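An overview of the molecular structure
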Amino acid sequence: DEVYRCKDITRRFLDLARTAPEPARPVRLDEIVRSTAEMLKFLPDFSRTKIDVQYDLTPVTIHGQAGPIRQAVLNLLKNSLDAISEGPAQGVLSLKVTAAGGTAIVEVRDKGRGFDPATGARLFEPFFTTKPSAQGVGLGLAIARQIAEEHGGRLSLTSAGPGQGSTAVMTIPEVQGAGGLVQSEAVPILSTLDARSRDFRRDYRQRQADSAAARRL
């Protein structure tokens, strides 16, 4: 059983690393959230911090690409994990999937460090981060929002203030009666994201070079 479990975990990480476009199809959003959350225990911050992951997942189907959606969810979970790991030795991470009015809703709630309005206004800016430069370049939330928008949805992140935790809400159109749905033509979302990620990295390197040049003056 342990061997099969390790194979399954490896497959999930390989799914995240896939670069070829995959076809858009009906996928269970709740299953993506649960399986992605199970990968958290293999991240270093999770092993250093006692985190209670709470689930409230309603079966919901969306039409899209499982790989990018999984990446977006992982980015949100990693953001919450980072916030929790900077606080007390124990944290709570609540994951909820629901549907209302034809919209699938993913809610990721943590009791981590939270943030003030000024920080909240910049969270989705590429390269904006509150972490030391060695721990990230500030692309996780920007990419997650791009993935949500590519699927016809939205992403928001709110907090009551520093020390009050935060709540990320991602919405994507729900598929009604997915069993009879005719699969649409593949949408190259991953290719689009790869191109934009390359642009992000190019701009980041240019900014680093400009900063280094300015320091030499």
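Everything here concerns the structure above.
Here is a short report on the structure shown in this document. (Residues numbered from 1 in each chain as written. Predicted model: local features only at pLDDT ≥ 70, side-chain atom pairs only at ≥ 80, totals over all residues. Heavy atoms only, no water.)

1. Some points on the pairing of strand β5 (residues 103–110)
Threshold: Only protein chains enter the area calculation, which uses a 1.4 Å probe; residues under 20% of their type maximum are buried, those over 50% are exposed, and those in between are partly exposed. To qualify as a helix, a DSSP run of H or I must reach at least 4 residues; to qualify as a strand, a run of E must reach at least 2; elements of each kind are numbered from the N terminus. One bridge is not enough; two strands pair if DSSP finds at least two bridges between them.
Alternating residues of β5 divide into Ala-104, Val-106, Val-108 and Asp-110, all buried, and Thr-103, Ile-105, Glu-107 and Arg-109, none buried. Summarising the sheet, β5 and strand β7 (residues 166–173) pair through eight bridges and their orientation is antiparallel. Across the sheet, residue Thr-103 finds its bridge partner in β7, namely Pro-173.

2. A short note on the pattern of salt bridges
To keep things clear, this is the line we draw: The rule for a salt bridge is simple: a side-chain nitrogen of Lys or Arg has to be within 4 Å of a carboxyl oxygen of Asp or Glu.
All told, the structure shown has five salt bridges when counted by the stated rule. Here Asp-82 makes a salt bridge to Lys-78, at a shortest N to O gap of 2.8 Å. Residue Asp-82 and its partner Lys-78 are both found in helix α4 (residues 66–85); the two are separated by four residues, about one turn of the helix. A residue is classified by how much of its surface remains accessible, and Lys-78, at 30% relative accessible area, is partly exposed. Each of the salt bridges in this network shares a partner with another, and the network as a whole consists of Arg-28, Asp-30 and Glu-31.

3. Section: α4
To keep things clear, this is the line we draw: For a helix, the expected span equals 1.5 Å multiplied by the residue count minus one.
A rise of 1.5 Å per residue sets the reference length of α4, with its 20 residues, at 28 Å; its end C-alpha atoms lie 28 Å apart and thus fit the reference within 8%. Within α4, 16 of the 20 residues are buried, leaving the element largely enclosed by the surrounding structure.

4. Quick look at the environment of Gly-114
Put simply, the test is: Here a residue-residue contact requires only that any non-hydrogen atoms of the pair lie within 4.5 Å.
Tracing the backbone through its elements, the reader meets Gly-114 in the loop between β5 and α5 (117–120). The spacing of Gly-114 and Pro-162 is 48 residues in sequence and 4.5 Å in space, taken between C-alpha atoms. If we ignore the near neighbours within four places in the chain, the residues touching Gly-114 are Ser-159, Gly-161, Pro-162, Gly-163, Gln-164 and Gly-165.

5. Looking at the packing of aromatic side chains
As a reminder of what qualifies: Whether two aromatic rings pair depends on their centres lying within 6.5 Å, for rings of Phe, Tyr and Trp, where Trp uses its six-membered ring; planes under 30 degrees apart make the pair stacked, over 60 edge-to-face, and the rest tilted. By definition, being over a ring means that NZ of Lys or CZ of Arg is both within 6 Å of the ring centre and within 35 degrees of the ring normal.
Applying the stated criterion across every chain, the model contains zero aromatic pairs. The cationic tip of Arg-34 hangs over the ring face of Tyr-55; the distance from NZ or CZ to the ring centre is 4.4 Å.

6. A short note on the environment of Thr-129
By secondary structure assignment, the location of Thr-129 is in the loop between α5 and α6 (140–150). In this structure Thr-129 comes out as partly exposed when scored by relative accessible area, which is 26%. Considered as a pair, Thr-129 and Thr-119 are 10 residues apart in the sequence and their alpha carbons are 9.2 Å apart.

7. Topic: unusual backbone geometry
Positive phi values are uncommon outside glycine, yet Phe-127 reaches one of about 80°. Tracing the backbone through its elements, the reader meets Phe-127 in the loop between α5 and α6. For Phe-127, a relative accessible area of 12% puts it in the buried group.

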